[in-house]
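Structural overview
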Protein chains: 2
Amino acid sequence: MVSREESAASTRRALLDAAAALLGAGGVEAVTLREVGARAGVSRGAPYRHFADKESLLTAVASEAWERVGADVSALRSSSELSAPEKLRAALSGLIAVGREQPHLYRLMFTQPSGDPTAVVRAAGRSQDEFLAIVAELVGEKDARRYGALLMTSAHGVTSMEVSGHLTTEKWGTSAEELVEMLVGLVAAEG
Amino acid sequence: MVSREESAASTRRALLDAAAALLGAGGVEAVTLREVGARAGVSRGAPYRHFADKESLLTAVASEAWERVGADVSALRSSSELSAPEKLRAALSGLIAVGREQPHLYRLMFTQPSGDPTAVVRAAGRSQDEFLAIVAELVGEKDARRYGALLMTSAHGVTSMEVSGHLTTEKWGTSAEELVEMLVGLVAAEG
DNA sequence: CAATTTCAGATGACGTTGTCACCTGAACGA
DNA sequence: TCGTTCAGGTGACAACGTCATCTGAAATTG
């Protein structure tokens, strides 16, 4: 009925889902291997059959999130209904949306793990490549990386500060949306 | 010789220093109340006489870091030898420097604590006010907050992504310095 | 000055957690 | 059919945050 390989794969999936659910509900501190195992229907030691340690599990969760973002940006890029500035705006807004809807996951996506520091960064590569392609449409290949880096880091900064409560309307008299609009405007004018 | 009040104050200071040292060396995970107490020359339960819990201690460490940043930016603002763009550049570079020299501390400064979410943000207020004053010199009072928010969030984004390893020269073909320069240039041209 | 209160600090204890060593049983290949 | 592999379960351990309780000295009060 269920081969050993299928069973293992489904358990792994259940572990990832459980970890993501706990992360979303209560942050990293709420993700305990015991609870992850319980929600996945296995025992506390079972996760070690699929992940080296707790951090590897969290890294995998973050990597999957990056893959989803990459797919979204890819879909945006290949859209034929949107203009280049619209694609750019949508891509940046997408990042902000992740931060707003899943702040804990967003933080994890930008947290350097002490285990394999390059794992999450590698997973983010696809998203960045797709994003760079959109920027290139707007400012040309030559300046794509320069402006791409500026836009990517700035959009992350906006999101990160909003997520951490450092960007409030009362204090700064502006919003994440307006800041993104300023960025797109500045770059579009330049290119 | 040493009054009780003096002793308590020096212990509190020693606890903060020990926590900061452990944070700098091994990140938040390396900060255990037991080790903090040991390095401060007290027992594991002593920190509870000065801080409600571990998170309060970390919040205090982050707040003190923000106060130092605030003092630095304030000194920059009142400098008579620097032009407005130079002040701005120096302020933004200062933030990047903190991230490079003390990445764990930098992360903590932008981490929302679950205890009192507003504590660290309040401590950052002074820095932001001083920073806004510098921006106002450049673009005028009217647009200061808009551009200030853009510059502050962008500089944080640059630093954050470099700290987390997401901003590499090989990938993006640029550096934090160059990105700051682009930001200053864009805003100076606009104002 | 003596009695009392206050409070920084020490210590024992408890529950929780990540992790490992070891065991079990079922799916697999020879 | 028989050994092998491997997902999963379980007991155990050290480390940790936290609390209740105790102690002694400084501060306060009469």
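The structure displayed is predicted, hence computed values, not measured ones.

So, about the overall build of chain A. Within chain A, the secondary structure is distributed over nine helices and zero strands. N-terminal to C-terminal, the α/β element order of chain A is α-α-α-α-α-α-α-α-α. Per-residue burial for chain A yields a buried fraction of 41% across its 191 residues.

We now examine the nonpolar core. In this structure, Ala19, Val61 and Val135 of chain A together with Ala19, Val61 and Val135 of chain B are the most contacted members of the largest nonpolar core, which totals 113 residues. In this structure Val61 of chain B touches Leu16, Ala19, Ala20, Leu23 and Leu108 of chain B, once residues within four positions along its chain are discounted.

What follows covers the packing of helix H1 (residues 4–26) of chain A against helix H3 (residues 54–77) of chain A. Residues and elements named next belong to chain A. Interhelical geometry of H1 versus H3 gives an angle of 85° and a closest axis separation of 10 Å. Between H1 and H3, the crossing angle belongs to the class labelled roughly perpendicular. On H3, the residues that touch Leu15, Leu16, Ala19, Ala20 and Leu23 of H1 are Leu57, Leu58, Ala60, Val61 and Glu64. Classifying every residue of the contact of H1 with H3 by side-chain character gives nine nonpolar, no polar and one charged.

Quick look at the UniProt feature "domain: HTH tetR-type" (unreviewed entry) in chain A now. Residues annotated in UniProt with the feature "domain: HTH tetR-type" (unreviewed entry) correspond here to residues 9–69 of chain A. Within residues 9–69 of chain A, the helical portion is 67% and the strand portion 0%, while the C-alpha atoms at the span's ends are 23 Å from each other.

What follows covers the protein's contact with DNA strand C. Looking at DNA strand C, there are 20 residues lining it, with Ser3 of chain A together with Thr11, Val42, Ser43 and Gly45 of chain B nearest. Put simply, the parts of the chain that give the surface near DNA strand C at least two residues each are H1 and helix H2 (33–39) of chain A together with helix H1 (4–26) of chain B. If one sorts the elements of the surface near DNA strand C by residue count, H1 of chain B sits on top with four residues. Split by residue class, the surface near DNA strand C holds four nonpolar, seven polar and nine charged.

Another aspect to go through is the protein's contact with DNA strand D. With respect to spatial proximity, 20 residues lie near DNA strand D, and among them Thr11, Val42, Ser43 and Gly45 of chain A together with Ser3 of chain B are the closest. For the surface near DNA strand D, the elements supplying multiple residues, two or more each, are H1 of chain A together with H1 and helix H2 (33–39) of chain B. When grouped by side-chain class, the residues that make up the surface near DNA strand D number four nonpolar, seven polar and nine charged.

As a further point, take the interface of chain B and chain A. On the side of chain A, 32 residues touch chain B, which itself brings 31 residues to the contact. Of all the elements in the fold, those that place two or more residues in the side of chain B that touches chain A are helix H6 (119–139), helix H7 (141–163), helix H8 (169–172) and helix H9 (176–190) of chain B. Looking at the side of chain B that touches chain A element by element, the count peaks at 12 residues for H7 of chain B. Residue composition of the side of chain B that touches chain A, grouped by class: 13 nonpolar, 15 polar and three charged.

With that settled, the discussion passes to the relation of the copies chain B and chain A. Structural alignment of chain B on chain A gives an RMSD of 0.1 Å, achieved by rotating through 180° and translating 0.0 Å along the axis. Both copies are brought into coincidence by an operation consistent with a two-fold rotation axis. Comparing contact sets, 97% of the residues at the interface of chain B also lie at the interface in chain A, consistent with an isologous, same-surface contact.

Residue and element names in this part refer to chain A. In this model helix H6 (residues 119–139) runs 30 Å from its N-terminal to its C-terminal C-alpha over 21 residues, within 8% of the 30 Å that 1.5 Å per residue would give. The sharpest bend along H6 comes to roughly 35°, located at Gly125. Looking one or two residues beyond H6, the residue adopting positive phi is Gly140, at roughly 90°.

Turning to the packing of helix H7 (residues 141–163) of chain A against H7 of chain B, a few remarks are in order. Running from amino to carboxyl end, H7 of chain A crosses H7 of chain B at an angle of 100°, the nearest separation of the two axes being 7 Å. As the angle between them shows, H7 of chain A and H7 of chain B are arranged roughly perpendicular. Listed contacts from H7 of chain B to Thr153, Ser154, Ala155, His156, Gly157, Val158, Ser160 and Met161 of chain A of H7 of chain A are Thr153, Ser154, His156, Gly157, Val158, Ser160 and Met161 of chain B. Its residues placed into classes, the contact of H7 of chain A with H7 of chain B shows five nonpolar, 10 polar and no charged.

Cut-offs and rules
Residues numbered from 1 in each chain as written. Chains lettered and ligands numbered in written order. Predicted model: local features only at pLDDT ≥ 70, side-chain atom pairs only at ≥ 80, totals over all residues. Helix = DSSP H or I, 4+ residues; strand = E, 2+ residues; numbered from the N terminus. Buried ≥ 20, exposed ≤ 12 C-beta atoms within 10 Å, placed from the backbone. Core = buried A, V, L, I, M, F, W, Y, C linked by C-beta atoms within 7 Å. Contact = placed C-beta atoms within 7 Å. Axes fitted to C-alpha atoms, helices over the stretch in contact; angles between N-to-C directions. Parallel < 35°, antiparallel > 145°, perpendicular 65-115°, else oblique. Nonpolar A, V, L, I, M, F, W, Y, C, P; charged D, E, K, R; others polar. UniProt positions renumbered as here; feature names shortened; annotations may be inferred. Near = placed C-beta within 6 Å. Least-squares fit on C-alpha atoms with pLDDT ≥ 70 in both. Expected span 1.5 Å × (residues − 1). Bend = angle between axes of the 7 residues up to and from the residue.

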